[in-house]
Amino acid sequence: MDSETFNLPQYEIPEDLRHAVAVTTLDRLYNWGRRSSVWPLMFGLACCAIEMIAAQTARYDMARFGMEVMRPTPRQADLLIVSGTVTKKMLPPIIRLYNQMPEPKYVVAMGACASGGGPFKEGYNVVAGIDKFLPVDVYIPGCPPTPQALIAGLIKLQEKIDKQTIKEASWYKRKVKDPNYVPVPILGPDLIDPRRTADIKAAAAQKE
Amino acid sequence: MTMPAPASTATVDLAARFPDVVQLDARPDYTGFIVEKDSLLEVAAAIRDEFGFDLLSSVTGVDYAPDKMEVVYHAYRTSGGPGLAFKVQIPRIDPVEVPSLIHLWPGVDLQEREVWDLLGIKFSGHPDLRRILMWEGFEGHPLRKDWKEGFYEEDVKPFKSRWPQGKFAMAEDLNPFGDNLTFPKNFDPEKWIPEGEALLYGALARYTVENEDGISSDRIVINMGPHHPSTHGVFRAVMTLEGETIKGLKPVLGYLHRNHEKIGERNTFLQNMPYTDRLDYFNSMTNNFGYALAVEKLMKIPVAERADYIRVIVSELSRIQNHLVFIGTLLNDLGAMYTPSLYAYEERELVLDVFEAISGSRMMCNYYRFGGVVRDIPDDVMQKIKDLVYERIPPKTDELDRMLSENEVLLARMRGIRMINAEDAVAYSITGPVLRAAGVPYDIRRADPYGIYDRFDFDVAVRYNGDLMDNYLIRIDEIRQSLRILDQAIRQIPQGPINSQKPAYQVRVPAGEAYGRIESPKGELGFYVLSNGKPNPWRYHVRAPSFVNVTALEKISVGTKIADFVVLLAMFDMVMGECDR
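Not measured: the values here are computed from a predicted model.

Chemist: Sorry, what's going on with the overall build of chain A here?
Modeler: When helices and strands are tallied, chain A shows seven helices and five strands. Taken along the three principal axes of its C-alpha coordinates, chain A extends 80 × 45 × 25 Å. Residue burial in chain A is summarised as follows: out of 208 residues, 50% are buried. A separation of at least 24 residues holds for 72% of the contacts in chain A among residues at least 6 apart in sequence. Of the roughly 9500 Å² of accessible surface on chain A, 56% is carried by carbon and sulfur atoms.

Now the structure itself:
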């Protein structure tokens, strides 16, 4: 962030201090730090993961946005890029990874499959969009999205981070239970979402 | 114009050798032989030992609802030539059971498990017949014709129900569970006890062992994946360790099982083309090739001459970028984190630029059509290809070779670490670079040429030590051979039409079966397509090299150190999209 947007406009700083002093808000400083070091989880699912890797390489170079540090462990990651088709068999590990990420955490649904099932939506082992289970911050269209599209999506995420404020940040609030905790689905005769057991039971009783 | 080669011609008269139990498959446009179930083992042994079909390439099943099911085997000779298809028919009454061929060809292990999982055909004598792509406890066998998925609308596309009374309905609203779900009647989720993974852990080498002094000790069980940076996707391996040595290993697949085959049965023939892109997502150009070959065999149509050359050019470019990426990721796995990858991806981007210019997409090209390709290569793009082939890739390959091949660390990690020997590689149905690095010069482009590969002068890359170093070096050899083929193809390509057919959304495919196979960068990629004359295939099966090659992982890994396992796995160059389908 250059000093023009970093400084608050209404504060006039004397000429000789301009390069040494900045007057800004805590939110701006805090968000500037966070948006410039979003560390994604090193986690690929399918075709989109290859474009995610391509976005890291020399031609596209995600490092320009402070996102080159891919962490293989969720404990050190800020961003989950769901890059590919989410299958029912893979869903429990994904949810577990998400639950292990510390706050603040963000989810990007990369590509058609992660956003809504894509070409494989009707597949019996396919979850039609990760947003049925996780709160998604940015959707990136494409099959697969080009590296440029991924970077555009991540810039959108940075804009979203810019708008957040410490005062209302949920991760500093006192709480007994993690509000973002997602119960891990169970693999039964088909995928069982623990939040929907009553629905499933009722619908199964109706079935001829 | 090249006519498609006849589908896996029966070159031997199996029916004469076994007059009572084998008969020629007489259905029109079917090939091969039908074997009595009870004599399958005897006949299969003769096919392998007397007739010399030592490579059992593919095992799959077909559901001829409502009366019978069929298991289809495709066997080939590693010395080359056309193959032999043999089939077993069983009445469709549960339990559907066929003897397992695992003692003749251990390579059928995972394929038989897949047929059991998806079609519910039991293989008696199989030591570890568990579900493989779905999980234990899943209801039903999805590829059976009477099994309906949660978002089922109609048997075949295009769905009439998609546009009733001029407005669309979400699939979620049509399903009673509000999602892509099916549960048995009166199912109670609260009473469900998950099957867990007791069967999986039971199948591993025992993890409590008696020592010589009579004290029992535990082996360590390690789960590697499905989320692990070096498994190249969502592959999971469960192993038991003694110290650092691997004592038992089972691959767990299905984390990217996207139901290509079920969706493929609903699609029209042409609608499947973009789906093949997403199998091995590094090589959509070669995937298209295999599928186009299979359907062209069924349709009995020729391929336009210019299109034949274009197909060779894009396939070999695809092979080059695949092997470059392989080398980059291999070095990642060896600990040279990211720098070699950056070099590899730099070249790959240039190849993708060509693909984007001719097909419109970087990765999912959807470029082939039955009878040709969809767009011509313009002159300026042809110039780009020439620059790549003559100016850019050869020196860059030499650079990688110079920087890596004699690197001390690489030699210490890879030289002399055994992978697999030639005999086992054939028995385990391994194909592709791993087989050739073990000393078997089997390359389908030469052994059973497809397209116009018989016109080109190139050497089948082969190495004889079968260690990790050879598996790495053979990729560089293959890049150089691909450049040779490209050189000839660029010189010889004629002008002319790019498709022998008129462009059409719907093609007429006569009834019959076809097995189209190509040498993809990973190994033998086969498409078994079955038509009954309708606009949609009755069965669409993908014989994926990554999936079949991984059968040998257990055999290769047991006895090696866990630190080498990552490299062993990298050598298969697996892509999960193709492995799990």
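Chemist: What is the right way to read the pairing of strand S2 (residues 106-110) of chain A from this model?
Modeler: When a strand is regular, its side chains alternate between the sheet's two faces. All names here are of chain A. Among the five residues of S2, five are classified as buried, and the element is accordingly described as predominantly covered. Residue alternation in S2 divides its side chains into two sets, Tyr-106, Val-108 and Met-110 and Val-107 and Ala-109, and both sets are buried. In this fold, strand S1 (residues 79-83) hands off to helix H4 (residues 91-100), which returns the chain to S2; that crossover is right-handed. Across three bridges, S2 lies against strand S3 (residues 138-140) in parallel orientation. Bridge pairing in S3 links Val-108 to Val-138.

Chemist: Just checking my understanding: could you explain the pairing of strand S16 (residues 523-531) of chain B for this structure?
Modeler: Residues and elements named next belong to chain B. Most of S16 is tucked away: nine of the nine residues are buried. Examined bridge by bridge, strand S15 (residues 512-520) and S16 share nine bridges and lie antiparallel to one another. Residue Ile-518 lies in a different strand from S16, and its bridge partner there is Leu-525. Here S15 folds back onto S16 in antiparallel fashion, the turn holding two residues. Where S16 hands over to strand S17 (residues 537-543), the hairpin turn is made up of five residues, of which Gly-533 adopts a positive phi near 90 degrees.

Chemist: Help me understand the state of the cysteines, please; the structure alone is not making it clear to me.
Modeler: Inspection of the entire model under this criterion finds zero disulfides over all chains. You can see Cys113(A) has no disulfide; the closest cysteine sulfur is in Cys143(A), sitting 5.6 Å from it.

Chemist: Would you take a moment to explain the sheet that holds strand S10 (residues 220-224) of chain B for this structure?
Modeler: What links the strands of a sheet is backbone hydrogen bonding, and the strands pair in either a parallel or an antiparallel sense. All names here are of chain B. The strand order across the open sheet formed by three strands is S10-S11-S12, and the pairing between neighbours is antiparallel. With one partner strand each, in any of the chains shown, S10 and strand S12 (245-252) form the two edges of the open sheet. Adjacent strand axes in the sheet meet at a mean angle of 20 degrees when their direction is disregarded. As paired elements, S10 and strand S11 (residues 236-242) share five bridges and run antiparallel to each other. Bridging from a neighbouring strand, Val-221 pairs with Thr-240 of S11. Seen against the sheet, helix H19 (residues 562-571) touches S10, S11 and S12 and runs at an angle of roughly 150 degrees to S11.

Chemist: Is there a simple way to think about a nonpolar patch on the surface in this case?
Modeler: A cluster of nonpolar side chains, Leu26(A), Leu29(A) and Trp32(A), forms an exposed patch at the surface whose accessible area comes to about 290 Å². Mapped onto the elements, Leu26(A) comes out in helix H2 (residues 26-35).

Chemist: So what exactly am I meant to see when it comes to the interface of chain B and chain A here?
Modeler: Accessible area lost during the coming together of the parts is what is often quoted as the interface size. Facing the 65 residues of chain B at the interface are 54 residues of chain A. Buried area between chain B and chain A, both sides added, is near 5500 Å², and the carbon and sulfur share of it is 63%. Between chain B and chain A we count eight salt bridges in total. Taking the shortest distance from any N to any O, the salt bridge between Glu172(B) and Lys132(A) comes out at 2.5 Å. Here chain B is connected to chain A by 32 residue pairs in polar contact (both at pLDDT 80 or more). Contributing elements (two or more residues each) for the side of chain B that touches chain A: helix H4 (171-174), helix H6 (260-266) and helix H10 (339-359) of chain B.

Chemist: How do you make sense of the packing of aromatic side chains when you look at a structure like this?
Modeler: Each aromatic ring pair is summarised here by two numbers: the centre-to-centre distance and the angle between the ring planes. Evaluation of the coordinates by the stated rule reveals 21 aromatic pairs over all chains. The interplanar angle of 45 degrees and the centroid separation of 6.2 Å between the aromatic rings of Tyr30(A) and Tyr172(A) together place this pair among those described as tilted. You can see Tyr30(A) sitting in helix H2 and its partner Tyr172(A) sitting in the loop between helix H6 (147-162) and strand S4 (186-187), a full 142 residues away along the chain. What makes Tyr172(A) exposed here is its relative accessible area of 51%. Here Trp135(B) and Phe138(B) contribute two aromatic rings whose centre-to-centre distance is 5.1 Å and whose plane-to-plane angle is 80 degrees, an arrangement assigned as edge-to-face. The exposure class assigned to Trp135(B) is buried, which follows from its relative accessible area of 5%. A relative accessible area of 5% places Phe138(B) in the buried class. For the cation-ring pair, Lys145(B) lies above Trp538(B), with the distance from its terminal atom to the ring centre recorded as 3.9 Å. Over the ring of Tyr76(B) we find Arg517(B); its NZ or CZ atom is 3.4 Å from the centre of that ring.

Chemist: Could you clarify how one ought to interpret the environment of Leu45(A) in this entry?
Modeler: Position of Leu45(A) among the secondary structure elements: in the loop between H2 and helix H3 (47-56). Residues Leu45(A) and Thr85(A), spaced 40 residues apart in sequence, show a C-alpha to C-alpha distance of 6.6 Å. Those residues within four positions of Leu45(A) in sequence are excluded, and the remaining contacts are Val82(A), Ser83(A), Gly84(A), Thr85(A), Val86(A), Met90(A), Ile94(A), Val234(B), Leu256(B) and Tyr281(B).

Chemist: Please clarify how helix H16 (residues 468-492) of chain B should be interpreted in this entry.
Modeler: Given 3.6 residues per helical turn, the α-helix brings residues three or four places apart onto the same face. Between its first and last C-alpha atoms H16(B) spans 37 Å; for 25 residues at 1.5 Å apiece the expected length is 36 Å, and the two agree. H16(B) sits mainly inside the fold: 20 of its 25 residues count as buried.

Chemist: What's the story with the environment of Ser124(B) in this structure? I'm lost.
Modeler: Residue and element names in this part refer to chain B. You can see Ser-124 is positioned in strand S7 (residues 121-124). A relative accessible area of 32% places Ser-124 in the partly exposed class. Separated by 22 residues in sequence, Ser-124 and Ile-102 place their C-alpha atoms 10.0 Å apart. Once residues within four sequence positions are removed from consideration, Ser-124 is found in contact with Glu-97, Val-98, Pro-99 and Ser-100.

Chemist: What is the right way to read the nonpolar core from this model?
Modeler: Across soluble globular proteins, you tend to see nonpolar side chains buried next to one another. Among the nonpolar cores identified, the biggest contains 222 residues, and Tyr73(B), Phe86(B) and Tyr472(B) are the most heavily contacted of them. In terms of residue count, helix H9 (residues 305-333) of chain B provides more of this core than any other element does, 14 residues in total. Among the nonpolar cores identified, the runner-up in size contains 22 residues, and Val38(A), Val108(A), Met110(A) and Ala169(A) belong to it.

Chemist: Is there a simple way to explain the pattern of salt bridges in this structure?
Modeler: Note that side chains of opposite charge can pair when their charged atoms are close. Going through the model one piece at a time under the given rule, you end up with 58 salt bridges over all chains. Taking the shortest distance from any N to any O, the salt bridge between Lys121(A) and Glu172(B) comes out at 3.1 Å. Linking Lys121(A) in the loop between helix H5 (111-116) and S3 with Glu172(B) in helix H4, this pair reaches from one chain into another. You can call Glu172(B) buried: its relative accessible area is 14%. Between Glu296(B) and Arg311(B) there is a salt bridge whose closest N-O contact spans 2.8 Å. Residue Glu296(B) is found in helix H8 (residues 284-299), and its partner Arg311(B) is found in helix H9; the two are separated by 15 residues along the sequence. Considered together, Glu296(B) and Arg311(B) belong to a single accessibility category, that of buried residues. Because the salt bridges share partners, they merge into one network encompassing Glu316(B), Arg319(B), Arg436(B), Asp443(B), Arg445(B), Glu478(B) and Glu519(B).

Procedures and definitions
- Along each chain, residue indices are assigned from 1 in the same order as the chain's sequence is written.
- Written order determines the labels here, with chains lettered from A and ligands numbered from 1.
- Whole-chain, interface and lining totals are the exception, using all residues; otherwise, since this is a predicted model, local features are given only for residues with pLDDT of at least 70 and side-chain atom pairs are given and counted only at 80 or more.
- Heavy atoms from the whole structure form the basis of all side-chain values; hydrogens and water molecules are not counted.
- Here a strand is any run of E in DSSP of at least two residues, a helix any run of H or I of at least four, and the numbering for each starts at the N terminus.
- For the exposure calls, accessible area comes from a 1.4 Å probe over protein chains only, and a residue counts as buried if that area is under 20% of its type's maximum, exposed if over 50%, partly exposed in between.
- Contacts were defined at the residue level, with two residues in contact if any of their heavy atoms lie within 4.5 Å.
- Here, Shrake-Rupley sampling with a 1.4 Å probe gives the accessible areas, and only protein chains in the shown set may cover a residue.
- When the strands point away from the viewer, a crossover counts as right-handed if the route from the first strand across the helix to the second turns clockwise.
- Strands pair, by our definition, only if DSSP identifies at least two bridges between them.
- A pair of sulfur atoms, both from cysteines and within 2.5 Å, is called a disulfide here.
- The convention used is that axes are lines fitted to C-alpha atoms, helices contributing only their stretch in contact, and that angles between N-to-C directions extend from 0 to 180 degrees.
- Patch construction takes residues with relative accessible area above 30% that form no salt bridge. Like charges are linked within 9 Å, and nonpolar side chains (Val, Leu, Ile, Met, Phe, Trp, Tyr) are linked within 5 Å.
- By definition, a salt bridge exists where a carboxyl oxygen of Asp or Glu is found within 4 Å of a side-chain nitrogen of Lys or Arg.
- When two parts are brought into contact, each loses some accessible area as probed by a 1.4 Å sphere; the total of that loss over both is the buried area.
- Distance and chemistry together define a polar contact, namely a pair of N or O atoms within 3.5 Å, with one atom able to donate a hydrogen and the other to accept it when in protein, and with adjacent residues in sequence counting only for side-chain atoms on both sides.
- Between 30 and 60 degrees the pair is tilted, below 30 it is stacked and above 60 it is edge-to-face, where a pair is any two Phe, Tyr or Trp rings, Trp via its six-membered ring, whose centres lie within 6.5 Å.
- Whether a charge sits over a ring depends on NZ of Lys or CZ of Arg being within 6 Å of the ring centre and within 35 degrees of the ring normal.
- How far a helix is expected to stretch is found by multiplying one less than its residue total by 1.5 Å.
- As used here, the term nonpolar core means buried Ala, Val, Leu, Ile, Met, Phe, Trp, Tyr and Cys residues forming a set that is joined through side-chain atoms within 4.5 Å.

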